[in-house]
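Given next are the chains, with one letter for each unit.
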Amino acid sequence: MILMYHNIDEKAGFNTVSAENFGRQLRFVQQHWQFTDLDTYVRECRTNHRLATVTFDDAYSCIITQVLPIIHDLGIPITVFVPVSYIGKYNEWDENLSGYKRINILSWNEIESLSQDSHLTFGSHGMSHVSLKNLSKSQTESELRESKEILEYHLQKQVQCFAFPYGQRKDFGCATPDLLHDAGYTMAVTTLWRRHNRNANSYQLRRIEVKPSDTLEDFQRYLIRKIDFRYIKQEIKSIIR
C-alpha cells in the first residue's frame, strides 16, 4: 500500500495530520507491513502484498521540522512530490478552500540538502499544481518535462515518479502512460483510493489518503478490515458519474 500525506504539524488542521498521530500510524504499519521506498514497492507489490511506502504531496517545510526526526527514528524511507513553480513559496492553490491555512513549501537550498538524505526521494508534482484535465497535450508535456528537468538539474539525480495534482481520474487529462513514459517517468501516483496495487498500471498507482481527522482506530480499521469499503464506494461513484 502507498500512504499519502500532505502536511504534519504539532496539531491537526487544514491538510495537516498531527505529528503524534503520524508517528503512531507509522509504528502500527511497521508492525504489520514492510516499509520500503516507492521504486521497490512498484517493482515488488504484485507479488508481495505486505509492502508499504510513504508519500508526501506538496513538499511542505514540515519535512524538515516534523517528518525527518520520526522517519529517521523508525528507519522509514519517504517520497516527496514537489510543485516546482512554488518552491520557496506556499500553497496558493488552496486559498479558496474552507479552513484554508497558509503552509510554507521547502526552498531550493532545503531540497538540495535533503536530496542527500538516504531516507528521501523527490518526485515531480508538476510545475504549477494544476489539474491536467483542461490542458492541451503540449501543455501537459510541458508540465511533465519541465518540472522533471528542473528538479534533475538541482538534485543532480534522476526523477522517476510523477504525482498527479488532485489525482482523480478527471485530472489525468492527456497524461496517458505513453506520454508519461516518453517524458522519462517510470511511475505515477494518483489520489484514487485502494489498499493494493497488485494489478495496477504503474502510471496510475492508487494510494491511501490519511486525513487530519483520522484517529488511530480509524486508520487501523481501514487498513486491516477484509473488505475495502472506501475503494468500493469510490468505484460506485465513478460509475454513477
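What you see is a predicted model, and the numbers here were worked out from it, not measured in a lab. (Residues numbered from 1 in each chain as written. Predicted model: local features only at pLDDT ≥ 70, side-chain atom pairs only at ≥ 80, totals over all residues. Heavy atoms only, no water.)

**Section: unusual backbone geometry**
Notably, D58 is not glycine yet its phi reads approximately 90°, a positive angle. Assignment of secondary structure puts D58 in the loop between β5 (51-57) and α3 (62-74). In this structure, A59 is a non-glycine residue whose phi angle is positive, near 55°. For A59, a relative accessible area of 0% corresponds to the buried category. (Helix = DSSP H or I, 4+ residues; strand = E, 2+ residues; numbered from the N terminus. Buried < 20%, exposed > 50% of the residue type's maximum accessible area, 1.4 Å probe, protein only.)

**Structural notes on the nonpolar core**
Judged by nonpolar contacts, the single largest core of 66 residues is most densely connected at Y5 and L26. The element best represented in this core is α3, accounting for seven residues. When neighbours within four sequence positions are excluded, L26 is seen to be in contact with L3, Y5, F35, V54, I70, I71, L74 and I76. The next biggest cluster of nonpolar side chains, apart from the first, holds twelve residues, and it includes I2, C45, C161 and A163. (Core = buried A, V, L, I, M, F, W, Y, C linked by side-chain atoms within 4.5 Å. Contact = heavy atoms within 4.5 Å.)

**Here we look at the environment of E152**
Along the chain, E152 turns up in helix α5 (residues 137-155). C-alpha of E152 to C-alpha of F122: the two residues are 30 residues apart in sequence and 9.6 Å apart in space. Ignoring sequence-local partners within four residues, the contact set of E152 consists of K157, Q158 and V159. A polar contact of 2.6 Å, which involves the side chain of E152, links it to the side chain of K148. (Polar contact = N/O pair within 3.5 Å; in protein donor to acceptor, adjacent residues only side chain to side chain.)

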